[in-house]
Structure formats: structure tokens, C-alpha cells
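Architecture at a glance
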Amino acid sequence: MRGARHQPSGQTPSDRHWAAVLMAFARIGATAFGGGSATIAAMRQTCRKHGWLDEDEFLDTVVLSRLTPGITILAQALLIGRSVAGLRGMAAAIVGMMAPSIAITITLAWGYVRISGLPGAATPLAAIAAVAAGFAVSLALQLLRDVLRRDRIVRGALLYLAFLGLSLLINNTLVVMGIAAVAAVIAPNLFSAREVDDAAPEADDDH
Amino acid sequence: MTIDQVFLTVFLASLLGFGGLGSLPVLRGGLTDHGIAADPLILQSLAVGNISPGPNGLYLIAIGYFLAGIAGAGAASVAILLPPLLVLVLERVRERLIGKQRFRACLQSLSLAVVALLTVSSSQLVLHAARGPVTIGLVILGAVLLTLRVPSLVGVIAAAAAGLLLGL
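Residues numbered from 1 in each chain as written. Chains lettered and ligands numbered in written order. Predicted model: local features only at pLDDT ≥ 70, side-chain atom pairs only at ≥ 80, totals over all residues. Heavy atoms only, no water.

Let us now look at the interface of chain B and chain A. Across the contact, 86 residues belong to chain B and 90 residues belong to chain A. The junction of chain B with chain A conceals about 7900 Å² of combined surface from both sides, 75% of it contributed by carbon and sulfur atoms. If you sort the residues of chain B by the area they bury against chain A, Pro-53, Gln-101 and Leu-112 of chain B come out on top, with a joint share of 8%. Note that Arg-82 of chain A is salt-bridged to Glu-91 of chain B, the shortest N-O span being 2.1 Å. Remark: the boundary between chain B and chain A carries ten residue pairs in polar contact (both at pLDDT 80 or more). (Contact = heavy atoms within 4.5 Å. Buried area = accessible area lost by both parts, 1.4 Å probe. Salt bridge = Lys/Arg side-chain N within 4 Å of Asp/Glu carboxyl O. Polar contact = N/O pair within 3.5 Å; in protein donor to acceptor, adjacent residues only side chain to side chain.)

Listed below in C-alpha cells is the structure:
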């Protein structure tokens with residue numbers, strides 16, 4: 001990643017103050033309400049404000065993190081933290097981002113458990129569950145949009161429908177994913193153009 | 001579930017999922033394999049996770065808490081942190097891998113499979129949650145609000161108020 005090698009003013013990463021990374025990511029972790037897009041926007045703004053990464057370097061972190069399994073924003077935070085202050089920056093970015101989010105999530109979950117024990121709570125909690133199901137539908141649609149954007153839309157849509165049929169037929173997630181991996185190895189032309197497409201994905205994905 | 005089981009279930013779900021809710025299908029399968037009613041648990045966790053700051057994937061921490069308290073939340077936090085560390089390996093090998101058609105094909109194929117599986121999981125969550133006209137309306141409300149990027153807290157407060165006022 002270019003950002004990791006970018007050392008303005010002759011500074012090494014260890015010259016930078018990792019505490020600045022910790023504080024910046026703690027602010028993001030505590031205030032970036034709105035899921036992945038809000039968090040990416042906040043990280044982008046922070047990188048610009050502190051002059052940590054330019055636009056190309058930031059997009060580089062987006063592309064690399066999109067290739068990574070798990071919560072891609074955590075991967076991106078690792079890359080940004082390391083490019084600013086090396087290993088200590090990595091640790092600071094993750095601790096900074098995760099600590100407030102974990103604390104708030106646990107507090108809310110604790111409150112949910114307490115409220116669910118109260119008389120008359122079942123009805124509003126069922127209503128909240130219904131809204132949460134709507135959130136899941138919206139997030140699934142956003143993810144579908146992001147995946148289809150990467151390649152030819154019609155081909156992607158047809159493959160998506162094929163996998164959807166497979167998912168309905170086979171009630172085993174790991175088997176479906178295994179079939180997807182084997183199919184890509186056997187027939188890569190079905191899934192990806194032969195030439196390398198370096199177009200960076202947009203940084204508004206809700207990951 | 002024991003702490004070990006919470007860790008392994010959340011770790012596998014996170015490792016095999018790409019994107020915010022990409023972990024949901026594997027998580028649902030893992031919970032069901034342990035004899036846990038997955039849908040109500042996931043819906044509670046999504047409600048908590050969506051009104052918390054940070055990435056959507058942090059709903060897995062709420063799952064950990066609901067399964068095994070603070071220790072479960074801690075185990076889930078560690079479990080979701082490990083897969084993103086692979087970005088450091090990917091960074092080293094990406095120049096070699098990114099040009100390989102099979103690598104890109106695998107990523108695209110797995111992403112499409114995850115989204116297809118997520119479509120099925122989300123549909124099952126909707127079927128579980130939508131029990132009548134009011135809850136069907138609330139499912140639609142939740143989807144529309146999040147698509148329009150209205151803060152999730154607004155949807156949760158509106159749902160709680162509707163539940164209190166209208167009954168279901």
C-alpha cells in the first residue's frame with residue numbers, strides 16, 4: 001500500500017504520535033452512527049484533516065480492505081493506523097475505534113435484556129424486531145448493489161440468481177460457499193473479466 | 001453456549017463473511033447447529049447493533065452478550081478482530097494475486113454467494129418478525145429508513161412507540 005510507505009518530511013512512522021491516532025479513532029468509534037458508510041466518511045475526513053493520507057492512498061486502503069474477510073472497516077483502520085504510526089498506530093486505531101463501540105453496544109444489549117424482563121415489554125420489543133428485520137433487508141440490498149457494481153451487472157445478476165436458487169435448495173451455508181469457490185476455480189471466465197480492472201470501488205459501501 | 005463456542009461461532013461467521021451483514025448466514029447456521037433459536041436472537045442483536053456507532057458488523061458483539069454476557073461479548077470482540085488482520089498478509093501478496101483472474105473470480109463468486117445466502121437469511125428474519133399488518137409495516141419502515149440513511153435510532157424509537165400505542 002502506498003500509504004504505508006508514505007513518509008512526508010522525512011519522518012518515520014514511529015516519529016508520529018500514536019496518541020493522535022487513538023484519539024481520532026476513538027472519536028470515530030463513539031460518534032459514527034449510521035453503519036459502514038458513516039464510519040468510512042468519518043475516517044476519510046480524519047485522514048484529510050490530519051494530512052495522514054491523500055485521496056489515492058485512502059482509496060488504496062478501501063480497495064485492500066474490501067479484499068479482506070470480516071469487518072472490512074477494521075481492516076481499513078489497521079492500514080490507516082499503520083501508515084501513520086507503525087505497529088503502535090495499528091493498535092491505537094483498533095483500540096480507539098473498538099473501545100467506545102464495544103462499550104456502547106454492551107450497554108445497549110444490557111438495557112435490552114433488562115427491558116425485556118419488564119411487564120408489557122414484549123409488544124414494543126416485537127415492534128423493534130420488525131424494524132430490525134427491515135434493517136437486514138436494506139443492508140442485504142446495499143451489499144447486493146455493491147457486489148453487482150464490481151462487474152457486468154447482467155452477468156452478476158444472473159449468477160446471483162443462480163446462487164440464490166442454490167441457497168434455497170441446499171440448506172448449508174458452507175456447502176454453498178464451497179460450490180461458489182470451486183466454480184470460480186473451474187470457470188473463472190464466468191465470474192471475472194480476463195483483463196485486470198483497477199477501478200477502485202466507491203468509498204460509500206456499508207461495510 | 002460456552003465462551004469457546006461463542007468465540008468459534010462468531011469467528012467462523014466473521015471469517016467467511018464479506019461486508020456488513022455478510023457474516024449473518026454462517027452465524028445463523030452456527031447458532032442453529034447449537035440448538036439455539038437463531039432468528040429472535042439475531043433480530044435483537046441487529047436492533048442493538050444498528051443503533052450503536054461503528055460498522056454494522058458489530059452486531060456480533062451483541063450476539064456474544066446475549067449468548068454469554070460480558071465474557072461472551074469479549075469473546076465475540078476478539079473473534080471479529082482476527083479476520084481483518086489478514087489485510088496485512090493480503091497487502092504483501094496482492095501485487096501477485098490481484099492480476100490473477102482466478103483470484104478475482106473467487107472473490108466475486110464468494111461475494112455473490114454470500115449475498116444470495118444473506119437474501120435467504122434476511123427473508124427468514126422477515127418471516128419471523130412480520131406477524132401482522134403493523135409489523136409488516138414496520139419491516140418496510142425499517143428498510144426504507146436505512147436505505148434513506150435516516151439514523152437507525154429513529155426507526156427503533158418509532159417502532160417502540162408504535163408497539164406501545166397500537167399493540168400488535
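Once the structure has been displayed, the description carries forward.
Contact pair helix H8 (residues 173–186) of chain A / helix H6 (residues 101–129) of chain B: the axes reach a minimum separation of 8 Å and the direction vectors enclose 150°. In terms of orientation, H8 of chain A lies roughly antiparallel with respect to H6 of chain B. You can see that H8 of chain A and H6 of chain B cross each other, and the crossing is right-handed. In this structure, H8 of chain A uses Thr-173, Val-176, Met-177, Ala-180, Ala-181, Ala-184 and Val-185 of chain A to contact H6 of chain B, whose residues at the interface are Arg-102, Ala-105, Cys-106, Ser-109, Leu-110, Ala-113, Val-114 and Leu-117 of chain B. (Axes fitted to C-alpha atoms, helices over the stretch in contact; angles between N-to-C directions. Helix = DSSP H or I, 4+ residues; strand = E, 2+ residues; numbered from the N terminus. Parallel < 35°, antiparallel > 145°, perpendicular 65-115°, else oblique. Left-handed = near helix turned anticlockwise from the far one by under 90°.)

Turning next to helix H4 (residues 59–81) of chain B. Over its 23 residues, H4 of chain B runs only 13 Å from end to end, short of the ideal 33 Å by more than 12%, given 1.5 Å per residue. Maximum bend of H4 of chain B: about 145°, positioned at Ala-68 of chain B. (Expected span 1.5 Å × (residues − 1). Bend = angle between axes of the 7 residues up to and from the residue.)

Time to look at the nonpolar core. Residues Phe-25, Met-43, Trp-52 and Ile-80 of chain A together with Ile-42 and Leu-46 of chain B are the most contacted members of the largest nonpolar core, which totals 117 residues. Here this core takes 19 residues from helix H5 (residues 72–116) of chain A, the largest share from any one element. For Phe-25 of chain A, the residues in contact, after removing those within four places along its chain, are Met-43, Trp-52, Ala-77, Ile-80, Ala-93, Gly-96 and Met-97 of chain A. (Core = buried A, V, L, I, M, F, W, Y, C linked by side-chain atoms within 4.5 Å. Buried < 20%, exposed > 50% of the residue type's maximum accessible area, 1.4 Å probe, protein only.)

Take the side chain of Thr-61 of chain A next. Residue and element names in this part refer to chain A. Mapped onto the elements of the fold, Thr-61 is located in helix H4 (residues 55–66). Residue Thr-61 is classed as buried on the basis of its relative accessible area, which comes to 0%. Side-chain polar atoms of Thr-61 contact the backbone oxygen of Phe-58, separated by 2.5 Å.

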